[in-house]
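Here's the letter readout for the chains.
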Amino acid sequence: TGGVSGIVAASARLFAAEVARVGIIDRQADEIDRIVNEIQAAGSKACGQTADVSRSDEVQQAIDAIAAQFGGTHVLFANAGVSGHGSVVEIPEDDFRRTIEVNLFGGFLCARHAIPHMTDGGSIIFTASELALVGSKRNAAYTASKAALIGMARSMALDHAPDGIRVNVLCPGPIDTPMLRRSIDGHEDSAAYAQMIVDETPLQRIGRPDEIARVALFLASDDSSYMTGSTVVADGGATAQ
Ligand code: NAD
């Protein structure tokens, strides 16, 4: 989910190159077509469904359609996310609610509707963030939504281990995607803010979407067969300090 820009677009390309059949769910229909066409033109199998991940009926319809087309579901990469800025005093209540609705409730709905299709076991990956692990100024809604995914994933790991379904969380640091660019552009001195991100990252650069896609591929595949309930951080060292 969240598959037309940034992290999932890179993951969809990489998974497809590894012969996965990729179903992309996003709320942006025209953009889905662009990625699906690109993957199909490269000789791989892909399809797309439009859905708002915070709406149960839309998510169920989208996942059922993809599972029907491809004969099941083995991996869920629940990645769609939004950011809601402001302290708890500043942020409009609707923005706080919406951040939780998309980032946490959306992940819950995707898992709820994907798991019944995982009859041969599977792998679920939630995209959280380095900001699930540390605080962040004027980011209370986002950090709350992402930290909660870690708790949910741990409980899910226990519930679904007997069915061979592994559940892990991927925590990216700053990654060059439209979301990060919007955040940088929203600052008064965006160049200084971008530089501050680089300075605060031990590897001294912003990450690329394909660097997160490769971690997602590892978690999706049998290469991570003994991992469940884990939180995997790929943040250039940002939370090491
Ligand atoms: P992005 O904005 O490029 O992509 C997010 C995608 O989610 C978009 O395609 C958007 O259409 C989709 N989306 C948003 N709300 C949706 C909804 N209600 N229903 C369906 N689709 C919806 O951002 P990205 O950076 O690729 O973000 C992917 C994930 O990575 C997010 O969960 C984000 O919180 C997380 N993340 C990003 C960074 C970063 O620096 N870019 C860092 C840590 C975590």
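Refer to the structure presented above.
These remarks concern the structure in this document. (Residues numbered from 1 in each chain as written. Predicted model: local features only at pLDDT ≥ 70, side-chain atom pairs only at ≥ 80, totals over all residues. Heavy atoms only, no water.)

**Digging into the packing of helix H3 (residues 56–70) against helix H4 (residues 93–114)**
Let me state the cut-off plainly: Lines fitted to C-alpha atoms define the axes here, with helix axes fitted over just the stretch in contact, and angles between the N-to-C directions of these axes take values from 0 to 180 degrees. Secondary structure elements follow DSSP: runs of H or I no shorter than four residues count as helices, runs of E no shorter than two count as strands, and numbering proceeds from the N terminus. For classification purposes, an angle smaller than 35 degrees is called roughly parallel, one larger than 145 roughly antiparallel, one from 65 to 115 roughly perpendicular, and anything else oblique. Helix crossings are classified by the rotation of the near helix relative to the far one: an anticlockwise turn of less than a right angle makes the crossing left-handed, while a clockwise turn makes it right-handed. Note on contacts: a residue pair qualifies if any of its non-hydrogen atoms lie within 4.5 Å across the two residues. Basically, the charged four are Asp, Glu, Lys and Arg, the nonpolar ten are Ala, Val, Leu, Ile, Met, Phe, Trp, Tyr, Cys and Pro, and anything else, Gly included, counts as polar.
Their axes nearest at 9 Å, the elements H3 and H4 cross at an angle of 40 degrees. In terms of orientation, H3 lies oblique with respect to H4. In this structure, H3 meets H4 at a crossing whose hand is right-handed. Each of Ser 56, Val 59, Gln 60 and Ile 63 in H3 lies in contact with H4, whose residues at this interface are Leu 109, Cys 110, His 113 and Ala 114. Of the residues assigned to the contact of H3 with H4, the class counts are five nonpolar, three polar and no charged.

**Some thoughts on the pattern of salt bridges**
Our working rule: Between Lys or Arg on one side and Asp or Glu on the other, a salt bridge is scored when a side-chain nitrogen of the former is within 4 Å of a carboxyl oxygen of the latter. Note on exposure labels: buried denotes an accessible area under 20% of the residue type's maximum, exposed denotes more than 50%, and partly exposed covers the range between, all computed with a 1.4 Å probe on protein chains only.
Under the defined criterion, the tally for this structure stands at 13 salt bridges. Among the salt bridges present, the one from Glu 90 reaches Arg 138, with a minimum N-O distance of 2.9 Å. Pair noted here: Glu 90 is in the loop between strand E3 (75–78) and H4 and Arg 138 is in the loop between strand E4 (122–127) and helix H5 (140–160), with a separation of 48 residues, a long-range link. For Glu 90, a relative accessible area of 45% gives the class partly exposed. Members of the salt-bridge network, linked through shared partners, are Arg 205, Arg 208, Asp 210, Glu 211 and Arg 214.

**Concerning the environment of Asp 223**
Positionally, Asp 223 belongs in the loop between helix H8 (209–220) and strand E6 (231–234). Put simply, Asp 223 and Val 75 are 148 residues apart on the chain and 14 Å apart in space, counted from C-alpha to C-alpha.

**A word on the side chain of His 113**
Here His 113 is to be found in helix H4. The class of His 113 is buried, set by a relative accessible area of 9%. Dropping the residues within four chain positions of it, His 113 is found in contact with Ser 56, Val 59, Gln 60 and Ile 63.

**A short note on the nonpolar core**
Inclusion rule: Throughout this description, the term nonpolar core refers to a set of buried Ala, Val, Leu, Ile, Met, Phe, Trp, Tyr and Cys residues connected via side-chain atoms within 4.5 Å.
In terms of nonpolar packing, the biggest core is built from 34 residues, with Leu 76, Cys 110, Ile 124, Phe 126, Met 156, Val 167 and Val 169 touching the most fellow members. Examining the composition of this core, we find that six residues originate from one element, H5, more than from any other. Residues contacting Val 169, with those up to four places away along its chain left out, are Phe 126, Ala 128, Leu 149, Ile 150, Ala 153, Ser 230, Thr 231 and Val 232. Among the nonpolar cores identified, the runner-up in size contains 26 residues, and Val 36, Ile 39, Ala 46 and Ile 125 belong to it.

**Quick word on the pairing of strand E2 (residues 46–50)**
Heads up, the condition is: Pairing between strands is defined by DSSP: at least two bridges between the two strands are required. Think of it like this: strands point away, you trace from the first strand over the helix to the second, and a clockwise trace means the crossover is right-handed.
As paired elements, strand E1 (residues 22–26) and E2 share five bridges and run parallel to each other. Paired with Gly 23 across the strands is Cys 47, a residue of E2. Each parallel crossover has a hand, and the one from E1 via helix H2 (residues 29–41) to E2 is right-handed.

**Section: the packing of aromatic side chains**
This is how the line gets drawn: Stacked, tilted and edge-to-face are the three classes applied to pairs of Phe, Tyr and Trp rings, where Trp contributes its six-membered ring and a pair requires centres within 6.5 Å; stacked means planes under 30 degrees apart, edge-to-face means over 60, and tilted covers the rest.
Using the criterion set out here, one finds two aromatic pairs in the structure. A centroid spacing of 5.2 Å and a plane angle of 40 degrees characterise the contact between Phe 105 and Phe 108, whose relative ring orientation is tilted. With Phe 105 and Phe 108 both in helix H4 and three residues apart, the pair spans about one turn of that helix. Phe 105 gets classed as partly exposed once you look at its relative accessible area, which sits at 37%.

**Quick word on H4**
For the α-helix, the turn length of 3.6 residues means that residues three or four positions removed from each other point alike. The line we're drawing: Expected span of a helix, by definition, is 1.5 Å for each gap between consecutive residues, and there is one gap fewer than residues. Axes are fitted to the seven residues ending at a residue and to the seven starting at it; the angle between these axes is taken as the bend at that residue.
An ideal rise of 1.5 Å per residue puts 32 Å on 22 residues; H4 measures up with 30 Å between its terminal C-alpha atoms. When the local axis directions of H4 are compared, the greatest deviation, roughly 35 degrees, occurs at Phe 105. If you check which residues of H4 are buried, you get Thr 99, Val 102, Asn 103, Gly 106, Gly 107, Leu 109, Cys 110, Ala 111, His 113 and Ala 114. For H4, the elements touching its buried residues are H3, E3, E4 and H5.

**Some thoughts on the sheet that holds strand E5 (residues 165–172)**
Here we have four strands laid out as an open sheet, ordered E3-E4-E5-E6, and parallel in their pairing. Strands with a single pairing partner mark the edges of an open sheet, and in this sheet they are E3 and E6. Taking each pair of neighbouring strands and ignoring which way they run, the sheet shows an average axis angle of 20 degrees. Relative to E6, E5 runs parallel, the two sharing four bridges. Within E6, the residue paired with Leu 170 across the bridge is Val 232.

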